[in-house]
Amino acid sequence: MPGRARILLWSAVIALLILLPPVAEALKQTFYIDLLRRVMIFAIAAASLNLILGYGGMISFGHAAYLGIGAYAVGILAFHGVDSGWMQWGTAIAASAVVAAVIGAVSIRTSGIYFIMITLAFTQMLYYLGMSLEVYGRDDGMRIKTHSQFWGLIDLADPVSFYYLVLALMLASLYLVHRLANSRFGMVLRAAKSNEARSRAIGFSPYLYRLAAFVIAGALCGLAGALLANHTAYISPDFMHWTRSGEIMFMVILGGIATTAGPLFGAFTLLVLETLLAGWTEHWQVYLGPLLILSVIFFRRGLAGILPGARDA
Amino acid sequence: MSGALLEARGLRKSFGALRASDGIDFDVLEGETHAVIGPNGAGKTTFISQLSGDLRPDAGSIRFSGEDVTALRAPARSRMGFARSFQITSIYREFTALENVALAVQAHAGHSFRFWKPARSERALRDPARAILDEVGLGARAEVIAANLAHGEQRQLEVAMALATKPRLLLLDEPVAGMGNDETQRMVTFLASLKGRQTIILVEHDMDAVFSLADRISVLVYGRIIATGSPQEIRVNAEVRRAYLGEDA
Amino acid sequence: MNLALVFEQLLNGVQFGVMLFLMAAGLTLVFGIMNLVNLAHGSLYMVGAYLAVSAIQWTGNYLLGVLLGLAGTLLVGMLVEVVALRTLYERDHLDQVLATFGLILFFNELVAMIWGRTALYTELPSWLEGHIEIFSGSRYPLYRALVIAVGLGVALGLWYVVTRTRLGMLIRAGASNRTMVAALGVNIRLLYTVVFGFGAALAGLAGLMSGPIYAVQPGMGELILIQVFVVIVIGGIGSIRGAFVGALVVGIVDTLGRAFLKPLLGTVLSPTAAEAAGPALASMLIYLLMAVVLALRPEGLFPSRGT
Ligand SMILES: Nc1ncnc2c1ncn2[C@@H]1O[C@H](COP(=O)(O)OP(=O)(O)OP(=O)(O)O)[C@@H](O)[C@H]1O
Ligand SMILES: [Mg+2]
């Protein structure tokens with residue numbers, strides 16, 4: 001039965017996401033295409049965090065760093081006249097992976113609250129770096145004049161084509177994290193989260209596995225950053241702001257930690273909630289803050305935890 | 001060279017002013033069950049942890065089948081053939097019993113940088129794990145989440161995980177602690193069935209278990225081994241009776 | 001650059017350092033005793049600054065305003081503990097991080113609603129303006145000197161509490177909740193509330209002292225909070241001594257870096273390159289320092305025995 005519920009749930013979700021653009025266009029509500037594209041981009045970021053946080057137990061409070069690096073890779077290359085999406089996105093992924101390797105190598109040696117503080121601090125360092133990059137607009141950021149080019153295969157300037165590309169990439173990312181989490185590699189991560197002393201006693205050295213997961217998560221989030229840069233046609237240090245890291249973390253939790261679909265549900269819930277509140281009052285964060293606190297206290301399992309079929313075996 | 005599988009020489013470990021290991025010399029012969037007994041706080045767990053690589057001794061050396069392993073950490077020692085159970089049950093509580101053991105099998109089946117194939121359905125991991133669960137008598141409980149197993153079953157599971165690594169030396173820290181009579185009896189019978197084919201260091205307070213399982217017994221008091229010998233010798237040793245067994249009654 | 005200037009910047013570093021210490025001490029204390037990761041500690045710093053600004057305006061008396069600001073932060077801290085944080089002691093760090101993140105959003109926006117988003121500055125009373133002469137040719141602002149003195153005074157007081165009292169002994173031992181109750185024989189809930197309020201007041205003190213030096217604005221707390229994290233990581237969590245040393249090191253390195261890195265780079269690089277790299281590097285300096293410390297000592301300089 002859980003198998004069928006799961007297939008049903010996924011079919012419904014995918015069908016809705018595919019049908020959204022034509023419906024929204026017919027109703028002249030293209031705003032929703034934009035919103036859902038944003039949701040799906042953040043779902044990729046959240047899925048990448050879910051790999052290390054949900055399955056690996058590494059409470060990284062600095063995941064926005066890779067969003068920023070991915071976005072800046074696109075922005076900086078575009079600024080210097082490199083429009084090729086292959087180059088831009090490749091660089092985004094590679095640069096994020098390299099930075100994740102450096103940050104991970106230092107921070108994974110520690111654990112608990114140290115890990116939280118260190119990942120946060122490193123991201124703040126990158127934030128300040130962005131703030132001081134004179135050429136690239138410092139704290140103002142800069143506009144990206146042309147979207148990433150893919151030999152004319154797809155035109156990202158067209159909101160709908162871009163939407164479907166993001167949809168495909170998001171589904172691929174969720175599937176990737178799902179496979180990783182259930183592979184031998186993923187089992188080592190989960191085991192080390194569950195009981196590190198036991199893992200060491202049976203012969204696992206978790207460090208390299210955690211580092212590898214950290215790098216994969218960074219690279220995947222870098223891709224999300226490249227998408228986000230194209231989505232907003234704009235980059236700024238705010239992409240790396242620590243509140244952004246907190247938001248991605250909340251998406252993972254709200255959606256249901258260590259579940260395949262959780263990041264999508266979480267990104268959807270948080271971003272739609274933010275949009276609704278922001279449309280209602282300028283001071284929406286006064287309401288969002290307590291709502292988040294309440295969700296932590298009373299809604300520990302997340303959406304995927306209560307939806308039939310969303311929790312995986 | 002002696003015929004010892006493991007030789008510890010001059011192990012010292014202090015916590016602040018407390019000398020938990022105060023110059024321990026200790027041997028285990030291939031195939032024997034060597035029990036370590038001693039009053040609470042004597043330093044038995046500290047000793048085991050130094051053997052397993054979870055604690056680094058302040059001084060002294062540990063040789064394992066002729067090799068100096070003193071500098072190796074727990075994972076490396078596990079790969080050399082050490083396996084341990086902890087005094088406080090240490091298992092993966094969120095995983096099923098089968099997954100617990102399969103993880104132990106996986107840990108000794110080459111590196112785990114395998115990113116794609118679902119590990120849970122891999123026969124190479126499942127089959128050996130299931131065989132070991134059957135062997136310890138948990139076969140029927142394979143699909144139960146470990147946290148939901150009874151206390152005694154959890155301790156059995158931990159032993160099963162240790163065995164799944166095909167150890168050359170099994171370090172057991174109070175395997176029957178907290179067990180009821182039946183559970184204890186089952187565990188003792190099982191450990192007895194390993195005798196001869198498995199080298200064991202057994203820390204235990206349950207004297208019936210110790211005297212029925214041990215080939216040799218060492219008595220650890222205040223971080224020192226005050227006597228080593230056969231069960232008969234230990235039973236009649238005046239110093240042991242004074243320092244330990246005497247107080248017990 | 002002359003010696004007097006270096007000396008002045010060094011003092012500025014110490015001044016920044018003691019403010020970091022006031023923050024770090026509260027954070028470390030709350031973590032050490034209640035095992036609570038409180039990201040909203042920066043919010044209390046901000047609340048202290050705003051309350052003091054308002055209280056000073058309202059009473060027209062600087063000292064009275066400061067006292068009211070402190071008392072107000074203490075109360076806000078205790079209120080937050082009772083309403084929101086109490087339920088989180090038994091939760092894991094992830095929950096604590098998330099919930100206190102929600103608190104930050106709330107406080108930042110609340111402050112923006114009440115006081116607006118533009119930066120405020122505290123007026124100093126005339127008796128706090130002016131300079132003192134430390135040695136001939138080197139003048140230092142009286143107010144900043146006072147901040148240093150207050151910070152060192154608090155450090156001394158904390159040192160006394162931690163090394164000479166029973167409460168401090170338990171803190172040092174990294175005592176668990178249960179042994180604390182047994183040893184102190186007091187109402188543990190009340191004790192926690194008071195300790196939290198005390199930590200909040202320290203943060204508030206740092207915040208209100210920062211008023212005349214830095215801008216008072218929404219989000220000010222997080223800027224310093226993350227630097228405080230660096231302090232704690234370098235010093236070793238749970239250790240007041242580590243917090244003190246870490247705070248001074250971070251304060252001095254950050255201040256000197258901002259003041260002298262650019263001219264220093266200018267001597268080896270081209271002026272434009274130094275112009276570009278100087279500020280970037282200066283703002284990253286303490287994080288690099290943290291990375292180096294961690295690479296050498298993952299537990300910080302003064303790892304406490306407890307956690
Ligand atoms: N990590 C530690 N830090 C400080 N003291 C420790 C630590 N581990 C053990 N001790 C102390 O060292 C002594 C020996 O402890 P150990 O756990 O080795 O004893 P044991 O013989 O296993 O006792 P038991 O029979 O109760 O299990 C005890 O006094 C204990 O309090
Ligand atoms: Mg013990």
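Only a predicted model underlies this, so the values are computations on that prediction, with no experimental measurement involved.

### Section: the coordination of the magnesium ion (ligand 2)
For the magnesium ion (ligand 2), the full set of protein donor atoms is T45 of chain B (OG1) and Q87 of chain B (OE1), at a range of 1.9 to 2.0 Å. Note that T45 of chain B is positioned in helix α1 (residues 44-52) and Q87 of chain B in the loop between β6 (82-85) and α3 (97-107), a separation of 42 residues in sequence.

### Focus on the sheet that holds strand β4 (residues 59-64) of chain B
Residue and element names in this part refer to chain B. Strand order in the open sheet formed by four strands is β2-β1-β4-β5, and the pairing between neighbours is antiparallel. With one partner strand each, in any of the chains shown, β2 (18-29) and β5 (67-68) form the two edges of the open sheet. As paired strands, strand β1 (residues 4-15) and β2 are joined by nine bridges and run antiparallel to one another. The partner of R12 across the bridge, within β2, is D22. Helix-sheet contacts for α1 involve β1, β2 and β4, and the interaxial angle to β1 is about 120°.

### Re the side chain of R155 of chain B
Residues and elements named next belong to chain B. Counting through the fold element by element, R155 comes out in helix α5 (residues 151-164). At 4.5 Å, E158 is the nearest oppositely charged side chain to R155, a buried residue that forms no salt bridge. Sequence-distant contacts of R155, that is, excluding residues within four places in its chain, are made with F86, Q87, T89, D173, E174, P175, A177, M179 and M187.

### Digging into the domain arrangement of chain B
All names here are of chain B. If you check the domain split of chain B, you get domain 1 (1-81 + 168-249) and domain 2 (92-166). Between the C-alpha centres of domain 1 and domain 2 there is a distance of 26 Å. It is L170, M187 and F190 that lose the most area in domain 1 upon contact with domain 2, and together they represent 34% of the buried surface on that side. Put simply, domain 1 and domain 2 have one salt bridge between them. E135 is the partner of R197 in a salt bridge, and the nearest nitrogen-oxygen pair spans 3.7 Å. The interface formed by domain 1 and domain 2 includes five residue pairs in polar contact (both at pLDDT 80 or more). For the side of domain 1 that touches domain 2, the elements supplying multiple residues, two or more each, are α2 (74-80), β7 (169-173) and α6 (181-194). When residues of the side of domain 1 that touches domain 2 are assigned to their parent elements, the largest contribution, five residues, is made by α6. Class assignment of the residues belonging to the side of domain 1 that touches domain 2 gives a composition of eight nonpolar, three polar and seven charged.

### Quick word on the site of ligand 1
Residue and element names in this part refer to chain B. Near ligand 1 you find 13 residues, and of these K44, T45, T46, Q87 and H205 are the closest. For ligand 1, an oxygen atom lies 2.5 Å from a polar atom in the side chain of T46. The fraction of the free accessible surface of ligand 1 (630 Å²) that becomes covered by protein chains is 60%. Among the elements of the structure, β2 and α1 are those that each provide at least two residues to the shell around ligand 1. Per-element accounting of the shell around ligand 1 gives the leading share, three residues, to α1. Class assignment of the residues belonging to the shell around ligand 1 gives a composition of four nonpolar, seven polar and two charged.

### Focus on the environment of I237 of chain C
Relative to the elements of secondary structure, I237 of chain C occurs in the loop between α9 (220-235) and α10 (240-266). Through-space distance from the C-alpha of I237 of chain C to that of G221 of chain C is 20 Å; in sequence the pair is 16 residues apart.

### What to know about the packing of helix α3 (residues 64-79) of chain A against helix α5 (residues 112-131) of chain A
Residue and element names in this part refer to chain A. Here α3 crosses α5 at 30°, and the two axes come no closer than 9 Å. Classified by the angle their axes make, α3 and α5 are roughly parallel. In this structure, the crossing between α3 and α5 has a hand that is left-handed. Residue-level inspection shows A64, A65, I69 and Y72 of α3 in contact with α5, the latter providing T123, L126 and G130. Considering only residue class, the contact of α3 with α5 consists of five nonpolar, two polar and no charged.

### Describing the packing of aromatic side chains
Under the defined criterion, the tally for this structure stands at 29 aromatic pairs over all chains. Measuring from centroid to centroid gives 5.5 Å for F79 of chain A and Y136 of chain A, while their planes differ by 85°, and the two rings are edge-to-face. One end of the pair, F79 of chain A, is in helix α3; the other, Y136 of chain A, is in the loop between α5 and β1 (142-143), with 57 residues separating them in the sequence. Overall, the relative accessible area of 42% leaves F79 of chain A in the partly exposed class. Ring centres of W89 of chain A and F150 of chain A lie 4.8 Å apart, and the angle between their planes is 80°; this geometry places the pair in the edge-to-face category. Taken together, the positions of W89 of chain A in helix α4 (residues 85-107) and F150 of chain A in the loop between β1 and α6 (159-182) put the pair 61 residues apart, joining distant regions of the chain. Side by side, W89 of chain A and F150 of chain A carry an identical accessibility label, which is buried. Here the aromatic residues F61, W242 and F250 of chain A together with F101 of chain C are joined through ring pairs into a cluster of three or more. The positively charged end of R235 of chain B is found above the aromatic ring belonging to F211 of chain B, 4.2 Å away from the centroid.

### Side note on the confidence of the model for chain C
Considering every residue of chain C, the mean pLDDT works out to 86; 93% of them sit at 70 or more. Across the interface, the model reports ipTM at 0.92; the global pTM reads 0.92.

### Section: the side chain of H41 of chain C
Residues and elements named next belong to chain C. Take H41: it is sitting in helix α2 (residues 41-59). The class for H41 is buried, based on a relative accessible area of 2%. Beyond its immediate chain neighbours, meaning those up to four positions away, H41 contacts M23, G26, L27, G199, A203 and L225.

### Examining unusual backbone geometry
In this structure, K28 of chain A is a non-glycine residue whose phi angle is positive, near 55°. Relative to the assigned elements, K28 of chain A resides in the loop between α1 (2-26) and α2 (31-55). For K28 of chain A, a relative accessible area of 72% puts it in the exposed group. Phi angles above zero are rare outside glycine, and K166 of chain B is one such case at about 50°. Structurally, K166 of chain B can be placed in the loop between α5 and β7. Judged by relative accessible area, K166 of chain B falls into the exposed class, the value being 69%.

### As for the layout of surface pockets
Estimated volume of the second largest pocket: approximately 760 Å³. Looking at the second largest pocket, it is lined by 23 residues, and the ones nearest its centre are D238, H241, W242 and T243 of chain A together with N108 of chain C. Residue assignment for the lining of the second largest pocket shows that the elements contributing at least two residues are α5, α10 (242-255) and α11 (262-280) of chain A together with α4 (93-115) and α9 of chain C. Here the residues of the lining of the second largest pocket sort into eight nonpolar, seven polar and eight charged.

### Looking at the arrangement of the chains
Ranking the two pairs of chains in contact by contact count places chains A and C at the top. The least C-alpha distance between chain B and chain C, which are not in contact, is 11 Å.

So, how was this worked out
Residues numbered from 1 in each chain as written. Chains lettered and ligands numbered in written order. Predicted model: local features only at pLDDT ≥ 70, side-chain atom pairs only at ≥ 80, totals over all residues. Heavy atoms only, no water. Donors = N, O, S within 2.8 Å, 3.2 Å for Na, K, Ca; no water. Helix = DSSP H or I, 4+ residues; strand = E, 2+ residues; numbered from the N terminus. Pairing = 2+ DSSP bridges. Contact = heavy atoms within 4.5 Å. Axes fitted to C-alpha atoms, helices over the stretch in contact; angles between N-to-C directions. Buried < 20%, exposed > 50% of the residue type's maximum accessible area, 1.4 Å probe, protein only. Lys, Arg positive; Asp, Glu negative; His and termini not counted. Salt bridge = Lys/Arg side-chain N within 4 Å of Asp/Glu carboxyl O. Domains from an automatic or database assignment. Buried area = accessible area lost by both parts, 1.4 Å probe. Polar contact = N/O pair within 3.5 Å; in protein donor to acceptor, adjacent residues only side chain to side chain. Nonpolar A, V, L, I, M, F, W, Y, C, P; charged D, E, K, R; others polar. Near = heavy atom within 4 Å. Areas by Shrake-Rupley, 256 points an atom, 1.4 Å probe, with all protein chains shown as cover. Parallel < 35°, antiparallel > 145°, perpendicular 65-115°, else oblique. Left-handed = near helix turned anticlockwise from the far one by under 90°. Phe/Tyr/Trp six-rings, centres within 6.5 Å; stacked < 30°, edge-to-face > 60°. Lys NZ or Arg CZ within 6 Å of the ring centre and 35° of its normal. pLDDT = per-residue confidence, 0-100. 1 Å grid on protein atoms, 1.4 Å probe; cavity = no way out; pocket = protein on both sides within 12 Å on 5 of 7 lines; lining within 4 Å. Points joined across faces, edges and corners; volume = space filled by probe spheres on them.

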